[in-house]
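Here is how the chains run, residue by residue.
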Amino acid sequence: MDIKDMEKLVETQRKYFATGETLSIDFRIKNLKKLREIIKRYEKEIGKALFSDLGKSDYESYMCETGLVLSELTYIIKHIRKFAKERRVRTPLAQYASRSYKKLSPYGNVLIMSPWNYPFLLTMDPLIDALAAGNTVVVKPSAYSPATSSIIEKIVKECFAEEYVAVVTGGRKENAGLLEQKFDFVFFTGSQNVGKEVLRHTAEHLTPAVLELGGKSPCIVDKTAKLKLAAKRIIFGKCVNCGQTCVAPDYILCDKSIKDELVKELTNQIKSQYGENPLENPDFGKIINEKHFERICGLIDKKKVVLGGRSNKETLKIEPTIMDNVSWDDAIMQEEIFGPILPILTFDNIEEVYSIFESKEKPLALYLFSQDKKTIDAITSRCRFGGGCINDTLIHIATSEMGFGGVGESGMGAYHGKEGFEVFSHSKSIVNKKTWIDLPMRYQPYKRGLFSKLVHMFLR
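This is a predicted model, so every value here is computed, not measured.

Draft legend 1. View of the nonpolar core. If you look at the biggest cluster of nonpolar residues, it comprises 118 residues, and the most contacted ones within it are I39, I155, V221, I252 and L266. It is helix α4 (residues 58-84) that provides the largest number of residues to this core, a total of nine residues. Counting 17 residues, the second-largest nonpolar core is a separate cluster that includes L9, M113, A166 and F188.

Draft legend 2. Spatial organisation of the side chain of S149. Positionally, S149 belongs in helix α6 (residues 146-159). Among the polar contacts listed, one links the side chain of S149 to the backbone oxygen of S142, at a separation of 2.8 Å. When neighbours within four sequence positions are excluded, S149 is seen to be in contact with P141 and S142.

Draft legend 3. Layout of helix α5 (residues 121-132). Counted at 1.5 Å a residue, the expected span for α5 with its 12 residues is 16 Å, and the 16 Å between its end C-alpha atoms agrees. Burial analysis of α5 places 12 of its 12 residues in the buried class, which makes it a mostly covered element. Those residues of α5 that sit buried are L121, L122, T123, M124, D125, P126, L127, I128, D129, A130, L131 and A132. Looking one or two residues past α5, G134 carries a phi angle of roughly 100 degrees, positive in sign.

Draft legend 4. Focus on the packing of aromatic side chains. Considering all chains together, one arrives at 14 aromatic pairs under this definition. Arranged with centres 5.5 Å apart and planes meeting at 85 degrees, the rings of Y251 and W328 form a pair that is edge-to-face. Separated by 77 residues along the polypeptide, Y251 in strand β9 (residues 251-255) and W328 in the loop between β13 (321-323) and β14 (341-347) bring together distant segments of the chain. Taken together, the ring pairs in this structure connect Y107, F185, F187, F404, Y415 and F424 into an aromatic cluster. The ring of Y101 is capped by R99, whose NZ or CZ atom sits 4.4 Å from the centre of that ring.

Draft legend 5. Just the sheet that holds strand β15 (residues 365-369), in detail. Strand order in this open sheet of seven strands is β10-β13-β14-β9-β8-β15-β16, and the pairing throughout is mixed. For this open sheet the edge positions go to β10 (305-307) and β16 (387-390), each flanked by a neighbour on one side alone. Sheet twist, expressed as the mean angle between neighbouring strand axes with direction ignored, is 25 degrees. Taken strand by strand, helix α9 (residues 227-239) contacts β8 (218-221), β9, β14 and β15, and its axis lies near 135 degrees from that of β14.

Draft legend 6. Structural context of the packing of helix α3 (residues 43-54) against α4. Two numbers describe how α3 lies on α4: the axes approach to 10 Å, and their chain directions differ by 110 degrees. When the axis of α3 is compared with that of α4, the two are roughly perpendicular. Within the contact between the two elements, α3 uses E43, I46, G47 and L50 and α4 uses S61, Y62, E65 and T66. Grouping the amino acids of the contact of α3 with α4 by side-chain chemistry returns three nonpolar, three polar and two charged.

Draft legend 7. The sheet that holds strand β20 (residues 425-433), seen in detail. Strands sit in the order β1-β2-β20 across an open sheet of three strands; the sheet is antiparallel. The sheet is open, and its two borders are formed by β1 (87-89) and β20, each paired with just one other strand. Along the sheet, successive strands turn relative to each other by an average axial angle of 30 degrees, direction set aside. As defined by bridge partners, β1 adjoins strand β2 (residues 98-106) across three bridges and the pair is classed as antiparallel.

Draft legend 8. Here's a closer look at the environment of I46. For I46, the location among the structural elements is in helix α3. For I46, a relative accessible area of 0% translates into the label buried. Placed 74 residues apart in sequence, I46 and F120 show a C-alpha to C-alpha distance of 7.9 Å. Excluding residues within four positions of it along the chain, I46 makes contact with I39, T66, F120, I151 and I155.

Draft legend 9. Region of the structure containing a nonpolar patch on the surface. Together, L93, Y96 and W436 make up a nonpolar patch on the protein surface, roughly 350 Å² of accessible area in all. Along the chain, the position of W436 falls in the loop between β20 and α15 (450-457). A relative accessible area of 60% means that W436 is categorised as exposed.

Draft legend 10. Local environment of the layout of surface pockets. If you add up the space inside the second largest pocket, you get close to 380 Å³. Forming the boundary of the second largest pocket are 23 residues, of which C64, L68, L121, I397 and A398 lie nearest the centre. At five residues, α4 tops the list of elements feeding residues into the lining of the second largest pocket. Here the residues of the lining of the second largest pocket sort into 16 nonpolar, five polar and two charged.

Draft legend 11. Looking closely at unusual backbone geometry. With an omega dihedral of 0 degrees, the bond running from Y96 to A97 counts as a cis peptide bond. Of note, A97 is situated in the loop between β1 and β2. Each neighbour pair has its own omega, and for Q444 with P445 the value is 5 degrees, a cis peptide bond. Summarising the element assignment, P445 is placed in the loop between β20 and α15. One non-glycine residue, C242, lies in the positive phi region at around 55 degrees. Turning to its location among the elements, C242 is positioned in the loop between α9 and β9.

Draft legend 12. Molecular detail of the pattern of salt bridges. Evaluation of the coordinates by the stated rule reveals 24 salt bridges. E158 serves as the salt-bridge partner of R41, at 2.4 Å between the closest nitrogen and oxygen. Residue R41 is found in helix α2 (residues 25-41), and its partner E158 is found in helix α6; the two are separated by 117 residues along the sequence. Its relative accessible area of 55% is what places R41 among the exposed residues. Between K362 and E409 there is a salt bridge whose closest N-O contact spans 3.6 Å. Residue K362 is found in the loop between α12 (351-358) and β15, and its partner E409 is found in the loop between β17 (404-405) and β18 (411-412); the two are separated by 47 residues along the sequence. Salt bridges sharing common partners tie together E86, R99 and K103.

The rules behind these values
Residues numbered from 1 in each chain as written. Predicted model: local features only at pLDDT ≥ 70, side-chain atom pairs only at ≥ 80, totals over all residues. Heavy atoms only, no water. Core = buried A, V, L, I, M, F, W, Y, C linked by side-chain atoms within 4.5 Å. Buried < 20%, exposed > 50% of the residue type's maximum accessible area, 1.4 Å probe, protein only. Helix = DSSP H or I, 4+ residues; strand = E, 2+ residues; numbered from the N terminus. Polar contact = N/O pair within 3.5 Å; in protein donor to acceptor, adjacent residues only side chain to side chain. Contact = heavy atoms within 4.5 Å. Expected span 1.5 Å × (residues − 1). Phe/Tyr/Trp six-rings, centres within 6.5 Å; stacked < 30°, edge-to-face > 60°. Lys NZ or Arg CZ within 6 Å of the ring centre and 35° of its normal. Pairing = 2+ DSSP bridges. Axes fitted to C-alpha atoms, helices over the stretch in contact; angles between N-to-C directions. Parallel < 35°, antiparallel > 145°, perpendicular 65-115°, else oblique. Nonpolar A, V, L, I, M, F, W, Y, C, P; charged D, E, K, R; others polar. Patch = residues over 30% accessible without salt bridge, like charges linked within 9 Å, V, L, I, M, F, W, Y side chains within 5 Å. Areas by Shrake-Rupley, 256 points an atom, 1.4 Å probe, with all protein chains shown as cover. Salt bridge = Lys/Arg side-chain N within 4 Å of Asp/Glu carboxyl O. 1 Å grid on protein atoms, 1.4 Å probe; cavity = no way out; pocket = protein on both sides within 12 Å on 5 of 7 lines; lining within 4 Å. Points joined across faces, edges and corners; volume = space filled by probe spheres on them.

And the structure:
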């Protein structure tokens, strides 16, 4: 699609939004139900596409992508009328007689740019929220996951007219072309570098944007943690989708006194979950492409590997790998890993952790394994991060009851459920002033009498 076609598409959607058809809650529910039925119909094809792009098994595809999309759809359909209701607020006495309320309205024409690591989930979830809020949408899936982009395009074309929802496929040229257009709202999920470019372009049009980025999400393990269970849950979070998860534990920061025992338990869990030869495990996925495969392999320091380290370029698979005796200066600590490599660093006392994180970029997620309530309260209060878990990994993103998003370098804005509905809506503050009475205090000539002073006392 060239620039002129993009301009025409955006203008077509803008005109359709102006008809007001998407403002009807019944219209939104009808289309969300239709989307749910079509996704169910294409469930097997979605699974095949995810296997083609990322080597995901049927089980993992449903658990981490299709199932979560269907869950978000069901939740939104159930609660959309409640989310869309006007919310009455208190009116100051000086504005008597009035009714004050907040009204959520759609932004209009929305652009959603999605990534390749969870290509179905991270396209459909924001699309669901945007449609629930009453917008028209242009979807731009990643060129790195072509099979999934193809099934997304097929589903959208079958479900929606192009003036309502459209898919634009392609690579950097199409990304750049879309960012040149004036949308009413932009939602981007991806890397920090591309996120900065998105924000530069939206700034040109003063367009609001949500950025879901990434970063080096820490996993803290203190000496009170239940190490066997901690290791089990850490390895799950690190290795699902072959480590290509924006909220995966990027590295472990553990108490020095329990490090050796933790390494032992992590080793046992890799063997238990993925077998003696993970490269032959059919349920263990692959790296998305050769470029990322080579980048991740280049981060492995063979001298510091205590388990794993092998890879297969033909299948683009890398073993779950543990690296010990890692320092903050090592190459693997200079960038987000986005692969199944788990470096381990240590601290002598928990107070060190706070000063360490003050000097680091704010991560998308933080995980803490501890049985100490004071430590839990201190970490969750003093450390700045998008979201996270206590004594588990990843699961905070698998609910429509809480928003998901980053802070600072890891992003801005949140979505899922109610937060998703609200992030794709503008909250209008409205006062409906009654006409049967008109208090005189605000009009000239001003009279500074007792009555006026009494009225304004109520405003304090």
